[in-house]
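Fold and contact review
Residues per chain, in single letters:
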Amino acid sequence: MQNSLAASEPAQLSPLQRDSLQQQIYDRLHAGLIAGAFRPGEVISSRGLAGQLGVSAMPVREALTRLTAEGALELTPSRTLRVPVLSPDDFDEVTAIRTELEGMAASRAGGQLSDDDVARICALHGTLAQAADSGDVDRYLAANADFHSGIYAAARWPVLLGMIQRLWLIVGPSIRASLPDQGHISRSMGFHDTIRDAVVAGDAAALSAAIIADIANAAPEIRTALIAQAATPASVHPQGAAAS
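Residues numbered from 1 in each chain as written. Predicted model: local features only at pLDDT ≥ 70, side-chain atom pairs only at ≥ 80, totals over all residues. Heavy atoms only, no water.

Backbone geometry places arginine 79, a non-glycine residue, at a positive phi of 70 degrees. Inspection of the secondary structure assignment puts arginine 79 in the loop between strand S2 (74–75) and strand S3 (81–82). Take arginine 79: its relative accessible area is 64%, and that puts it in the exposed class. Here arginine 156, not a glycine, exhibits a phi torsion of approximately 60 degrees, which is positive. Within the secondary structure, arginine 156 is located in the loop between helix H6 (137–153) and helix H7 (158–177). (Helix = DSSP H or I, 4+ residues; strand = E, 2+ residues; numbered from the N terminus. Buried < 20%, exposed > 50% of the residue type's maximum accessible area, 1.4 Å probe, protein only.)

What follows deals with the sheet that holds S3. Spatially, the three strands line up as an open sheet ordered S1-S3-S2, and their pairing is antiparallel. With one partner strand each, in any of the chains shown, strand S1 (43–44) and S2 form the two edges of the open sheet. The pairing of S2 with S3 spans two bridges and is antiparallel. Residue pairing across strands places leucine 75 opposite leucine 81, the latter belonging to S3. (Pairing = 2+ DSSP bridges.)

Relative to the 24 Å expected for 17 residues at 1.5 Å per residue, H6 spans 24 Å between its end C-alpha atoms, a close match to the ideal helical length. Residues Val137, Tyr140, Leu141, Ala143, Asn144, Ala145, Phe147, His148, Gly150, Ile151 and Tyr152 constitute the buried set of H6. Capping the start of H6, aspartate 136 holds a side-chain oxygen 3.1 Å from the backbone nitrogen of aspartate 138, two or three residues further along. (Expected span 1.5 Å × (residues − 1). Polar contact = N/O pair within 3.5 Å; in protein donor to acceptor, adjacent residues only side chain to side chain.)

Here's what the structure looks like:
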């Protein structure tokens, strides 16, 4: 874009601003779903989100349409949008695929890490450790998503990264709904420390193994929570807070 625009050309800015706004809304909701800011079964209101974000409903609807196409949201028979509720079998499938794809991404990343990659991932690990110490589950899950994404981005395979992010979109709300406690967070940090050490060492095999072990460590608790939730009557809550 040029550094300056003539005053007689304001209309040229409108489509760009709208596209940018729609992308910002999409990115906010995308990050919120991955970090578990939305709960399984939660009804998503475009008007409610628009009011909280201080925007019109149109760009919110466009962002929600994209997320529905990606499987992060689903349209119910009553024509409302909601966050999908994973069954234990659904979760098993997603976990198996995550293990393969994230292990692959970690292996590729570990074999080509630059000094900048290592510094960036270590900084993300530091942020994650601070979040773990704070005991704030939402902060921890957001930092956890950033840490993993930072590693997979170093693989420099955008198609693979997109596939992984789509799986996180699907499973993120269920991870949050399992209500990780401080014990779970402490155990997970042990795996994350091992992941960080493999990054620093540039050990691709160790990094892949640590990522896979991290997924395997969390899966049983999440699955147990899903079984318990499936045994109780579903409760649906309208969207009450914008993703952060």
